[in-house]
Amino acid sequence: MSVTPDARTPGESQEAVEGQASAGRSAWASLRPMVLRLHFYAGVFVAPFLLVAAATGFLYACSFQAERIAYAHELRVPVGENELPISRQVAAARKAHPEGVVSAVRPSPEDGATTRVLLSGVRGVEADHTLAVFVNPYTGEIRGALEQYGATGALPLRTWIDDLHRDLRLGEPGRLYSELAASWLWVITGGGLVLWLGRRRALRRSRGLRGRRRTLSLHGTAGVWAAAGLFFLSATGLTWSAYAGQNISDLRDALGQATPAVTATVDSGGGHAEHATHAAMGMETGKGVGLDTVLKTARSEGLSDPVELVPPADASAAYVVRQIQRSWPEKQDTVAVDPMTGEVTEVLRFADYPVLAKLTRWGIDAHTGVLFGIVNQLVLAALAVALVLLIVWGYRMWWQRGRGAGFGRPVPRGAWRHAPVPLLLLLAGGTAVLGCFVPLLGIPLAAFLAVDVMLGAIAYRRRTHPSP
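Now for the overall build of the protein. A count of helical and extended segments in the protein gives 13 helices and eight strands. Residue burial in the protein is summarised as follows: out of 468 residues, 43% are buried. A separation threshold of at least 6 residues defines the contact pool for the protein, and within that pool the share at least 24 residues apart is 63%. Approximately 24900 Å² of the protein is accessible, and the part contributed by carbon and sulfur atoms is 63%.

Right under this line is the structure:
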């Protein structure tokens, strides 16, 4: 925004106002080539990782509906008149699948939905997965058993796509790809937005343009429309990444904003220890107050469906009943119940979570497409398509910049020499701090700079010492 004479402060000359405006334009003129070069390097070298993340993210956004279709037999049953007690449903599941131990039970959350009895320690099932046995809550019929992963209850199809998106199914080393993509997505998006605003490309239209100008217009317009969503995906993706995610978690802990957990312990003294031990054996013996009483107690504390019941882990532990609805409005309350007396030993309400814990929960759920249901999933799919188009148009612009040479020309280097020193120091300091906090941003950026300096030195040597 320009400064008009009417906006001058008392005693301020017209020349001073014009000088300030000129200085602002000069700062942007020196900064723009630097932003453009960073946008270029990041776009060329990081875009392949973003392309994979966008393609797999699109598949994941579609996997929720695909899962409902693929596993309809296990997930849905005809609605009956009355549901069996949850203990009888668990007994039916254990009769059909005596292997492993019961690690949790998810009662039917709505009419026509099956109950899931989750078994851990089953041979052939990954250690961090469970075997979900699907029980008809009206008849006790076993509808099937499938491997399940995560708090959202992902079944094999969605789990496979989730692994592909998160780590390319390569395990922990593969997570570096997704963290690299999330670390750079906001930088590329922010750089493109700054460049678009600097050229006021909102006043231009792609109609009537040809060649690289048309590609640039399409790239810029789509980027502006998708910018908010891409920033969000980058920020939420980093929250559970390997390195930046740990730094974020440590920061939350330091600020007292960690996600709280219910204390699932009870007095194990005297005869209580024996009963608690029976209850800890995966709800297998029928000792203690029983699963039906525990569920009734949780209901009395306001824990409506959907819920998950976790048996005591040992003689000093309590039952934990928690709500697992992550669609809006979320249900995330938790209670601990004494396995012998059936009394509530602790209640943890989602409303009492720290602010950052709530924001993290909402952000992750929106990122994974569960917070707003199918609308959420459609938005994620649209953002994935937009990111793919942005990458394709970006590479096309690079190709067109070569003007038939078969290889795109980079943006000229050396713009930093014209930038104000205070601005350079501010940028350098901020980048160093941010690079340490988000290492898969800082390390590649340092590599970009090293390569750029090396190429500049080679080019300078060739100019000053031409070959004979």
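Okay, back to it.
The step from Asp 305 to Pro 306 runs through a cis peptide bond, and the omega angle for that step is 0 degrees. If you trace the backbone, Pro 306 turns up in the loop between helix H9 (291-300) and strand E5 (307-310). The omega angle of the peptide bond from Trp 328 to Pro 329 is -5 degrees, so this bond is cis rather than trans. Position of Pro 329 relative to the elements: it lies in the loop between strand E6 (319-323) and strand E7 (334-337). Even without glycine at this site, Leu 168 takes up a positive phi of about 60 degrees. Locating Leu 168 in the fold gives a position in the loop between helix H4 (156-167) and helix H5 (175-199). For Arg 169, which is not a glycine, the phi torsion comes out positive at approximately 60 degrees.

Right, let's talk about the packing of H4 against H5 for a bit. For the pair H4 and H5, interaxial distance at closest approach is 6 Å and the crossing angle is 65 degrees. Across from Leu 164, His 165, Arg 166 and Asp 167 in H4, the residues of H5 making contact are Arg 175, Tyr 177 and Ser 178. Residues belonging to the contact of H4 with H5 are distributed by class as follows: two nonpolar, two polar and three charged.

To continue, consider the nonpolar core. Counting residues in hydrophobic clusters, the biggest one holds 35 residues, and the most contacted among them are Val 46, Leu 50, Trp 184, Leu 185, Ile 188, Leu 230 and Leu 387. Contributing elements (two or more residues each) for this core: helix H1 (14-70), H5, helix H6 (211-239), helix H11 (373-401) and helix H13 (439-464). Excluding its chain neighbours within four sequence positions, the residues that come into contact with Trp 184 are Leu 38, Ala 42, Val 46, Leu 440, Leu 441, Pro 444, Leu 445 and Phe 448. Counting 23 residues, the second-largest nonpolar core is a separate cluster that includes Ile 86, Ala 298, Val 307 and Val 337.

Quick look at the packing of aromatic side chains now. Across all of its chains, the model carries 12 aromatic pairs by this definition. Arranged with centres 6.0 Å apart and planes meeting at 20 degrees, the rings of Tyr 41 and Phe 45 form a pair that is stacked. Here the residue Tyr 41 and the residue Phe 45 both occupy positions in helix H1, the gap between them amounting to four residues, near one helical turn. Exposure remark for Tyr 41: the relative accessible area of 9% places this residue in the buried category. Residue Phe 45 is classed as partly exposed on the basis of its relative accessible area, which comes to 46%. On the basis of an interplanar angle of 55 degrees and a centroid distance of 4.8 Å, the ring pair of Phe 350 and Tyr 353 is categorised as tilted. Pair check on accessibility: Phe 350 and Tyr 353 agree, each one buried. Pairwise contacts between aromatic rings join Phe 40, Tyr 41, Phe 45, Trp 184, Tyr 395, Trp 398 and Phe 448 into one cluster.

How each quantity is defined
Residues numbered from 1 in each chain as written. Predicted model: local features only at pLDDT ≥ 70, side-chain atom pairs only at ≥ 80, totals over all residues. Heavy atoms only, no water. Helix = DSSP H or I, 4+ residues; strand = E, 2+ residues; numbered from the N terminus. Buried < 20%, exposed > 50% of the residue type's maximum accessible area, 1.4 Å probe, protein only. Contact = heavy atoms within 4.5 Å. Areas by Shrake-Rupley, 256 points an atom, 1.4 Å probe, with all protein chains shown as cover. Axes fitted to C-alpha atoms, helices over the stretch in contact; angles between N-to-C directions. Nonpolar A, V, L, I, M, F, W, Y, C, P; charged D, E, K, R; others polar. Core = buried A, V, L, I, M, F, W, Y, C linked by side-chain atoms within 4.5 Å. Phe/Tyr/Trp six-rings, centres within 6.5 Å; stacked < 30°, edge-to-face > 60°.

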